[in-house]
Amino acid sequence: MLVGVVTILCGPVAADEIGPPRDVDAWHAELAEAVGGEICVRPERRWTLGLYPNIGVTLGPPDWIAYQLHGYLSLADNRSFSLFVGYGYERGPESESHMATLGWGGVRHLSAARPARGFYGKFLRYRRMRDFTHGIHHGLSVGGETGAGLLALAFELGAARSAQNHWAITAQIGAKIALPIIIPLSRTPGTQPES
């Protein structure tokens, strides 16, 4: 009965509001003219090389608390693409690990935010872990990293296996402090080479 009453009262109002579908691109153009400029400006593609040294703390197995040191090298454009590789070291009370990372991500331009620098995204990581009780383990993990400015958050899930068939699970979340360094590989618009 309640559904019937709502349909009777709201049906005519909803029917009046239904019209032809709106062309979103045309609507954006009209809105841009009204405010006197472009709303969605796609930036010109500029390539950058980035260095990303960082230090962090992780929570979760294989050690319930550990510190990490990482260094990433990234190649990114300022529109949609980033690729980064890195090496890292992790040390906790029960193990230590050496890690090689391959990551990829997107760099999205938001007009109200600082531009992303290409160090964040999803990653695949190889881990060579020395468990102080069970010896050397080799493993793979997947994860993601996101951040802004000098701070970043990361998560990682994976497993590693020793030659004696001992398994170690990786399920970590970490917080990092970093010093991103950006080196432009292409000139910014309007600059001329020096003669």
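Everything quoted here is computed from the prediction, not taken from an experiment. (Residues numbered from 1 in each chain as written. Predicted model: local features only at pLDDT ≥ 70, side-chain atom pairs only at ≥ 80, totals over all residues. Heavy atoms only, no water.)

## Section: the pattern of salt bridges
Moving on, step 1. Scanning the entire structure with this criterion turns up 6 salt bridges.
Moving on, step 2. Taking the shortest distance from any N to any O, the salt bridge between Glu 96 and Arg 91 comes out at 3.4 Å.
Moving on, step 3. Of the charged contacts in the structure, one is a salt bridge between Glu 145 and Lys 176, with a shortest N-O distance of 3.1 Å. Taken together, the residues span a long stretch of sequence, with Glu 145 in strand β6 (residues 135-148) and Lys 176 in strand β8 (residues 167-178) at a distance of 31 residues. Of the two residues, Glu 145 and Lys 176, both sit in the buried class.
Moving on, step 4. Salt bridges sharing partners connect three or more residues here, namely Glu 90, Arg 125, Arg 127 and Glu 156. (Salt bridge = Lys/Arg side-chain N within 4 Å of Asp/Glu carboxyl O. Helix = DSSP H or I, 4+ residues; strand = E, 2+ residues; numbered from the N terminus. Buried < 20%, exposed > 50% of the residue type's maximum accessible area, 1.4 Å probe, protein only.)

## Focus: the nonpolar core
Moving on, step 1. Grouped together as the largest cluster of nonpolar side chains are 8 residues: Tyr 52, Tyr 72, Phe 84, Phe 119, Tyr 120, Phe 123, Ala 152 and Ala 178.
Moving on, step 2. Residue contacts for Ala 178: discarding those within four places in its chain leaves Tyr 52, Pro 53, Asn 54 and Leu 150. (Core = buried A, V, L, I, M, F, W, Y, C linked by side-chain atoms within 4.5 Å. Contact = heavy atoms within 4.5 Å.)

## Considering the packing of aromatic side chains
Moving on, step 1. Going through the model one piece at a time under the given rule, you end up with 5 aromatic pairs.
Moving on, step 2. Ring geometry for Trp 47 against Phe 81: centres 5.9 Å apart, planes inclined by 65°, an arrangement best described as edge-to-face. Of the two residues, Trp 47 is situated in strand β1 (residues 47-59) and Phe 81 in the loop between β2 (65-77) and β3 (82-91); the sequence distance between them amounts to 34 residues.
Moving on, step 3. Given a relative accessible area of 31%, Trp 47 falls into the partly exposed group.
Moving on, step 4. On the basis of relative accessibility, which here comes to 34%, the residue Phe 81 falls in the partly exposed class.
Moving on, step 5. Above the plane of the ring of Phe 123 lies Arg 125, whose end atom (NZ or CZ) is 4.3 Å from the centre. (Phe/Tyr/Trp six-rings, centres within 6.5 Å; stacked < 30°, edge-to-face > 60°. Lys NZ or Arg CZ within 6 Å of the ring centre and 35° of its normal.)

## A few points about the pairing of β6
Moving on, step 1. With 11 bridges joining them, strand β5 (residues 121-131) and β6 adopt antiparallel strand pairing. Residue pairing for β6: Arg 128 is matched across the bridge by His 138.
Moving on, step 2. Here β5 folds back onto β6 in antiparallel fashion, the turn holding 3 residues.
Moving on, step 3. In terms of strand pairing, β6 meets strand β7 (residues 151-162) through 12 bridges, oriented antiparallel. (Pairing = 2+ DSSP bridges.)

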